Each structure stands twice: as C-alpha cells, then as structure tokens.
Amino acid sequence: MARAGAEEVAATQTACGVLDLSGFARFDLAGPDAATWLGGRIAGRLPSVGRMTLAYLKGPPGRFATEMSVARTGDDTFILITAAVIRCYDRDFCCATCPPA
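This section reports on the structure supplied with the text. Since the structure is predicted, the reported quantities are computational estimates derived from the model, not experimental observations.

## Structural notes on the layout of surface pockets
Right, so step 1: Empty space within the largest pocket amounts to approximately 600 Å³.
Right, so step 2: Forming the boundary of the largest pocket are 18 residues, of which Thr12, Leu19, Gly50, Arg51 and Met52 lie nearest the centre.
Right, so step 3: Of all the secondary-structure elements, those providing two or more residues to the lining of the largest pocket are helix 1 (2–14), strand 4 (64–74) and strand 5 (77–83).
Right, so step 4: Considered class by class, the residues forming the lining of the largest pocket number nine nonpolar, five polar and four charged.
Right, so step 5: Taken as a whole, the second largest pocket holds about 170 Å³ of empty space.
Right, so step 6: Lining the second largest pocket, in full, are Leu29, Ala30, Gly31, Pro32, Asp33, Ala34, Trp37, Cys98 and Pro99.
Right, so step 7: Put simply, the parts of the chain that give the lining of the second largest pocket at least two residues each are strand 1 (24–30) and helix 2 (34–39).
Right, so step 8: Looking at the lining of the second largest pocket, its residues break down into seven nonpolar, one polar and one charged.

## Quick word on the state of the cysteines
Right, so step 1: Scanning the entire structure with this criterion turns up zero disulfides.
Right, so step 2: Not part of a disulfide, Cys88 finds its nearest cysteine sulfur in Cys95, a span of 11 Å.
Right, so step 3: With relative accessibility at 40%, the residue Cys88 sits in the partly exposed group.

## Description of unusual backbone geometry
A negative phi holds for most residues other than glycine; trans holds for most peptide bonds.
Right, so step 1: The backbone phi angle of Asp33 is positive, close to 70°, even though this residue is not glycine.
Right, so step 2: Inspection of the secondary structure assignment puts Asp33 in the loop between strand 1 and helix 2.

## Comments concerning the packing of aromatic side chains
Right, so step 1: On inspection of all chains with the given rule, the structure shows two aromatic pairs.
Right, so step 2: For the ring pair Tyr56 and Phe64, a centre distance of 5.3 Å and an interplane angle of 45° mean the geometry is tilted.
Right, so step 3: Tyr56 gets classed as partly exposed once you look at its relative accessible area, which sits at 34%.
Right, so step 4: Taking the relative accessible area as the measure of exposure, Phe64 reaches 54% and is therefore exposed.
Right, so step 5: Ring plane angle 15° and centroid distance 6.4 Å describe the contact between Tyr89 and Phe93, whose orientation is recorded as stacked. Here the residue Tyr89 and the residue Phe93 both occupy positions in helix 3 (residues 87–97), the gap between them amounting to four residues, near one helical turn.
Right, so step 6: Accessibility expressed as a relative area gives 16% for Phe93, which makes it buried.

## Focus: the pairing of strand 3 (residues 52–58)
Right, so step 1: Pairing between strand 2 (residues 42–43) and strand 3: two bridges, direction antiparallel. By the bridge assignment for strand 3, Ile42 is matched with Leu57.
Right, so step 2: Here strand 3 runs beside strand 4; their pairing, made up of seven bridges, is antiparallel. The residue bridging Tyr56 from the neighbouring strand is Glu67, located in strand 4.

About the criteria used
Residues numbered from 1 in each chain as written. Predicted model: local features only at pLDDT ≥ 70, side-chain atom pairs only at ≥ 80, totals over all residues. Heavy atoms only, no water. 1 Å grid on protein atoms, 1.4 Å probe; cavity = no way out; pocket = protein on both sides within 12 Å on 5 of 7 lines; lining within 4 Å. Points joined across faces, edges and corners; volume = space filled by probe spheres on them. Helix = DSSP H or I, 4+ residues; strand = E, 2+ residues; numbered from the N terminus. Nonpolar A, V, L, I, M, F, W, Y, C, P; charged D, E, K, R; others polar. Disulfide = S-S within 2.5 Å. Buried < 20%, exposed > 50% of the residue type's maximum accessible area, 1.4 Å probe, protein only. Phe/Tyr/Trp six-rings, centres within 6.5 Å; stacked < 30°, edge-to-face > 60°. Pairing = 2+ DSSP bridges.

Pasting the structure below:
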C-alpha cells in the first residue's frame, strides 16, 4: 500500500493528477500584480508556478479571515479553491480588498 501511494505521489509530481472539486468552489485570479495583491493577503509565501499550497488569508490584526488552497498557474495567474459552503464569504472577502479593475 505504501508503495502504491509513493508511486501515485511521484506520478502527480512529474506528470498529472486528478482533483475532485465537487465539494469545493473555485475562483480564478489573474491580472497585473495579482501575485503582489495575493501575497499581501496571505500568511506565508505564494507557491511557485506549477505548485499549490494551503494559504491562510489575513483578517483583522492577529486573526485569520479564511483559508484556501492556492494553485499558481503563471506569474500572475492563480486558482483559489475553497469549501463550497463558504464560497460567498470568501468571494466577498476577496472582492472587498481587491483594487478596482
């Protein structure tokens, strides 16, 4: 069993993988300075292009507002994945702090 798991991880890192998002909401974030904007809102670092991380978004001082999985698909393009049940809260939170287009 451990060998099969290790093979699956290696295949996902070097080739491709499948992510079932049926219980999750997805937001696309893209545009000039998207990385700068998102980087200023998470505790930690943004993932490298082609990588994914769990990110905690900063709320009021000393608190977190929410958490999302962040996949970086380009220098200024991201996929934000959050629980479907909180999608409206996360959308509103991001939109409230996003600069005008």
